[in-house]
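# Breakdown of the fold
Here are the chains, one letter per residue:
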Amino acid sequence: MSELPHGDACFRKTPITAQDINGGPDPSHRVPFVITAPGQYALAEDVDWVAAGEDARAITIASDDVTLDLCGRTLRQLDPPAPVLAQGPSASRGEVVSGNVGVYAEGRRRLVIKNGSVLGIQGVGIAVKACSQVDLLDLSVRRCGGDGVFDTSFLRRNGGIFVMGAQDADSNIAFASDIRMLDCVCSENASRLDLVVTLGALVLFCDNVEVKRCVFNHTANTSARPSGVQFNVVGADFVICRNVLVEDCEAHDNTSGGEPAGFFAWGENYKFLRCRANRNFTLTGNRACGFNISTTSNLEMVDCEADGNYNANPVASADVVRDFSALGFRIGRAVYRGLLDDCRAMGNHSVGANAPAAGFALHSTRQVVLRRCVAVGNRNASGAAENDGLAAGFIASAPLAAPEGGLVGGEDNAFVDCIADGNTVHRTPLFVQPPAPPVDAGPSRGDPQKGAGFLLDRQKDARIVGCQSANNDGKGIWLRACARALVEGNTLSRNALYGIQNEDPAGLSAFTGNRAHLNGSRHRHNYVGLPPGTPVHKWTLGSPPPEGPSGQLDNLSIRLP
C-alpha cells in the first residue's frame, strides 16, 4: 500500500485550530488549550496566538503518549503582554520574572513534537520539563526570547528549545531521560534583558541524549550583565547532563554584549562528532569561544572545528581568573579524561590586552589528549610585553586555585601529532568584513615574547610528541614553569623567536629527537633553556654534515649560514 500524502496523514489526526489555541469559541471566556488524552494531534492551520497572560502557554501537553505534528505550519505569537518585574530586593535591578511558552509539557512520557515552526514567543518556544522518551523532530524555532523568561531552577533563561530535568529545593536532581533532538533549527532567538541567559537550545539535567543534524545560530543578547554565569549567550547549552551525543551540528554567529559560545557542555560522558562552532563573538564582553567544555569527565570530540570566533573588546579582563579572551576550543575548567581527535581551529582572534587568544586551550585539566589537531592563524592583536595578551595555537594552563592549596589540574595532558602554524601577535592587515572587529588598527605589531605554537604553563607530566610548530610569531614550543614534561620527535620551523624554550622550569623535563631549523637567526635560538647535558646535534645549511652519526635521542639544530 502506498504511503498517504502528507496532508492526508495530518488530516487523519485530531486537528488543532487557531480558535482552539486562542481560548475557544467564546472570546469573553478564554480557556487554555491543553491536550489531556493520548493520541495523534495535528496543527490544522497557521496560528497567530495572542497570550491570555504573561505566563500563558499556547499548547500544553498534559498526557503521556502524545504526538503533536505541526504539519509544516507555524505557531506564532502576536502582541506579547507586558512582562512582570520582580518585587522585593530584585526590583531595583529591573529583573523580568514572567514569560510565555509556545509548546509546554511537564512530567510526561513518550512525547513526539515534530514538523513545523514556532515563531516569536516571548520567553521560550518549546519547553519540555521532567519528561522521558521525548523526540523533537524537524522543528524550526526562531525569534523567541524577547522580554520573557523561564525559571529553570538553575537561572532564568529564554530562547528556542528547552529540555530539562528537575531540581528540588535541596538541590537533588531528577534527570530527564531518553531525549532526541533531530534535524531542528534554532535561529535568531534573542533578548535584551539583563541577568538572563539567552539560548538557541537548553538541555539541562538530562541523561541519554542525542542531538543530530541541528543548527543553533544567530542567538543574541545585547546585555553586558549576565545572570551569575560567565556566558549569557550560547547556541546549544548542555548543563549537568550525562551520556550525550552531539553529531553533525553547528552553532555559529551567536553573539552577546556579555560572553557568547557556540556550544557549552558540563557533565559526564559527552561525545561531539563532526560539529562546527564558527564566528561566535562579543564586541564588549570578556570572553568568546566556539566550544566551551567545563567541569566534565569523559569527553570525546572527533572531527570538530571552531573557526573565526573573536573578541572585539580591547579591555577584556576575563575576571579574576584571566584564562582567555577568545578561543576556538576551551577545554576546562576542570575537565578530567578527554580526547580531541582530528579537530581544527583557525582564525580565532582577540584584541584583548589582558588574556590569551588561541585555537585550543586546556584550563585546569587532567588526562586530556589532543591527537592530530590543527591550529592555524589564531592571533591576539594586543600581545605586548606589559600585558597578558598572549597568542598561541595550543595552550595548557592551570589557572584555578585548589581549596586545599596549589592548583587544580594541569597534569598528564598530551599533544600528539598536532600542528600549530602561523599563530601570531602581529597586526598584519587582513581582509576582515563587518561586523568583525578592526583588529589591524593601531601601530603595534605585538611582542613575539607573547606568542607560541604550543604554550604549556605550570604543567606536570605533559607530553608533546610528534607535533609540528611552524611560522608562529614567537616560540614553537614554550614551556613555562613546567616539570617532568616529555618533548619528543617534534619539528620546529621558522618560528620568529625560538624553536623550544624551557622557561623557569619547576623540575626536570626530557627533550629528545626534536628537529629545529631556521628559528630566530642562530643555533642558540633553536633551543633555549634545555637541561644541561641535553644532546643537541648542530648543522649549518651549506656546510658538510658534522662528523659522527646523530643519535636517536639527539635534538637536531639547523640554521642558515
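In this text the structure is predicted, and so the values were computed from the model without any measurement.

### A few points about the packing of aromatic side chains
Counted by the stated rule, this structure contains 17 aromatic pairs. Relative to Phe-360, the ring of Phe-329 has its centre 4.6 Å away and its plane inclined at 10°; by these criteria the two rings are stacked. Taken as a pair, Phe-329 in strand E33 (residues 326-331) and Phe-360 in strand E37 (residues 357-363) lie far apart in primary sequence, 31 residues in all. According to the relative accessible area criterion, Phe-360 is buried, its value standing at 1%. Between Phe-360 and Phe-394, the ring centres sit 5.0 Å apart and the planes meet at 10°, which makes this aromatic pair stacked. Placement of Phe-360 in strand E37 and of Phe-394 in strand E41 (residues 391-397) is noted, with a sequence separation of 34 residues between them. Taking relative accessible area as the criterion, Phe-394 reaches 0% and is therefore assigned buried. Here a set of aromatic residues connected by ring pairs shows up, and it is made of Phe-216, Phe-238, Phe-263, Tyr-270, Phe-272, Phe-291, Phe-329, Phe-360, Phe-394, Phe-415 and Phe-454. We note Arg-57 situated over the ring of Tyr-104; from NZ or CZ to the ring centre the distance is 4.6 Å. Positioned over the ring face of Tyr-336 is Arg-366, at 4.4 Å from the centre of the ring.

### Overview of the nonpolar core
Core analysis: the biggest nonpolar cluster contains 98 residues, and Phe-263 and Phe-272 have the highest contact counts within it. Those residues in contact with Phe-272, other than ones at most four positions away along the chain, are Val-246, Phe-263, Ala-265, Phe-291, Ile-293, Leu-299, Glu-300, Met-301, Val-302 and Cys-304. Counting 28 residues, the second-largest nonpolar core is a separate cluster that includes Phe-162, Phe-324, Leu-390 and Ala-452.

### Looking at the state of the cysteines
Taken as a whole and assessed by the stated rule, the structure comprises 1 disulfide. Cys-206 supplies the cysteine sulfur nearest to Cys-131, a cysteine that is in no disulfide, at a spacing of 9.7 Å. Between Cys-184, a free cysteine, and Cys-214, which holds the nearest cysteine sulfur, the sulfur-to-sulfur gap is 4.7 Å. By relative accessible area, which is 0% here, Cys-184 ends up buried.

### Side note on the environment of Leu-400
Tracing the chain through its elements places Leu-400 in the loop between E41 and strand E42 (414-416). A residue is classified by how much of its surface remains accessible, and Leu-400, at 18% relative accessible area, is buried. The spatial distance from the C-alpha of Leu-400 to the C-alpha of Arg-213 is 35 Å, given a sequence separation of 187 residues. Filtering out sequence-adjacent residues up to four positions away, Leu-400 remains in contact with Val-321, Arg-333, Ser-364, Gly-406, Leu-407 and Val-408.

### Section: the pattern of salt bridges
Side-chain pairing between opposite charges can occur once the charged atoms of the two side chains come close. All told, the structure shown has 27 salt bridges when counted by the stated rule. Of the charged contacts in the structure, one is a salt bridge between Glu-305 and Arg-344, with a shortest N-O distance of 3.5 Å. Of this pair, Glu-305 sits in strand E31 (residues 305-307) while Arg-344 sits in strand E35 (residues 344-346); the two residues are 39 residues apart in sequence, bridging distant segments of the chain. With relative accessibility at 18%, the residue Glu-305 sits in the buried group. With a relative accessible area of 30%, Arg-344 lands in the partly exposed category. Residues participating in the shared-partner salt-bridge network are Glu-259, Arg-287, Asp-323, Arg-330 and Arg-333.

About the cut-offs
- Residues numbered from 1 in each chain as written.
- Predicted model: local features only at pLDDT ≥ 70, side-chain atom pairs only at ≥ 80, totals over all residues.
- Heavy atoms only, no water.
- Phe/Tyr/Trp six-rings, centres within 6.5 Å; stacked < 30°, edge-to-face > 60°.
- Helix = DSSP H or I, 4+ residues; strand = E, 2+ residues; numbered from the N terminus.
- Buried < 20%, exposed > 50% of the residue type's maximum accessible area, 1.4 Å probe, protein only.
- Lys NZ or Arg CZ within 6 Å of the ring centre and 35° of its normal.
- Core = buried A, V, L, I, M, F, W, Y, C linked by side-chain atoms within 4.5 Å.
- Contact = heavy atoms within 4.5 Å.
- Disulfide = S-S within 2.5 Å.
- Salt bridge = Lys/Arg side-chain N within 4 Å of Asp/Glu carboxyl O.

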